[in-house]
Amino acid sequence: QLVESGGGLVEPGGSLRLSCAASGFTFSSYGMSWYRQAPGKERDLVAFINSFGGYTNYRNSVKGRFTISRDNAKNTVYLQMNTLKPEDTAVYYCNFRNSDGMDFWGKGTLVTVSS
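Remember, it's a predicted structure, so these values are computed and weren't measured experimentally. (Residues numbered from 1 in each chain as written. Predicted model: local features only at pLDDT ≥ 70, side-chain atom pairs only at ≥ 80, totals over all residues. Heavy atoms only, no water.)

> I would appreciate a short explanation of the side chain of Thr76 in the present structure.
With respect to the helices and strands, the residue Thr76 is situated in strand E8 (residues 76-81). At 2.8 Å, the side chain of Thr76 forms a polar contact with the backbone oxygen of Lys74. (Helix = DSSP H or I, 4+ residues; strand = E, 2+ residues; numbered from the N terminus. Polar contact = N/O pair within 3.5 Å; in protein donor to acceptor, adjacent residues only side chain to side chain.)

Shown next, in the form of C-alpha cells:
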C-alpha cells in the first residue's frame, strides 16, 4: 500500500514536501518513483530514487527545483518541491514496480500552484 500526503494550494515560488508511506512490501528492496498527472494530460514520471537512495533521476522541467529522498527506516519516500510554478499543478502519485514488472500506485495527492 502506498499513501501520499502533503499536497495543497501554494503560491508560485512556494514550496511543498510530499510524503509517501509504504507498507505491505519490502520497501528497502525497491526503487521508488513520483509521477504526476495534470488535468487532461498523461501521467508523467517526475523523479526516481533507487533502493538505497544513492541514485536519483528527474524529468528536465523539475531539475534543480525538486528533490526526491527516502528513509528506509520509516518506509517513506519524499518529494521536496521548491520554486513551484503553475505548470507543476497536478495530482502527484507514488509508485513502485515489483520484480514481476507490476506497477503499484497510491491514490495521489493534489498540488495546486496558483496565486
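> Whenever I open this one, the pairing of strand E11 (residues 109-113) confuses me. Can you help?
Both faces of the sheet carry side chains from a regular strand, because those side chains alternate between them. Residues Thr109, Val111 and Val113 line the buried face of E11, whereas the alternating positions Leu110 and Thr112 sit on a face that is not buried. Relative to E11, strand E2 (residues 8-10) runs parallel, the two being bridged by three bridges. In the strand pairing of E11, Gly8 is matched with Val111. The pairing of strand E9 (residues 90-97) with E11 spans three bridges and is antiparallel. Along E11, the bridge assignment pairs Tyr92 with Thr109. (Buried < 20%, exposed > 50% of the residue type's maximum accessible area, 1.4 Å probe, protein only. Pairing = 2+ DSSP bridges.)

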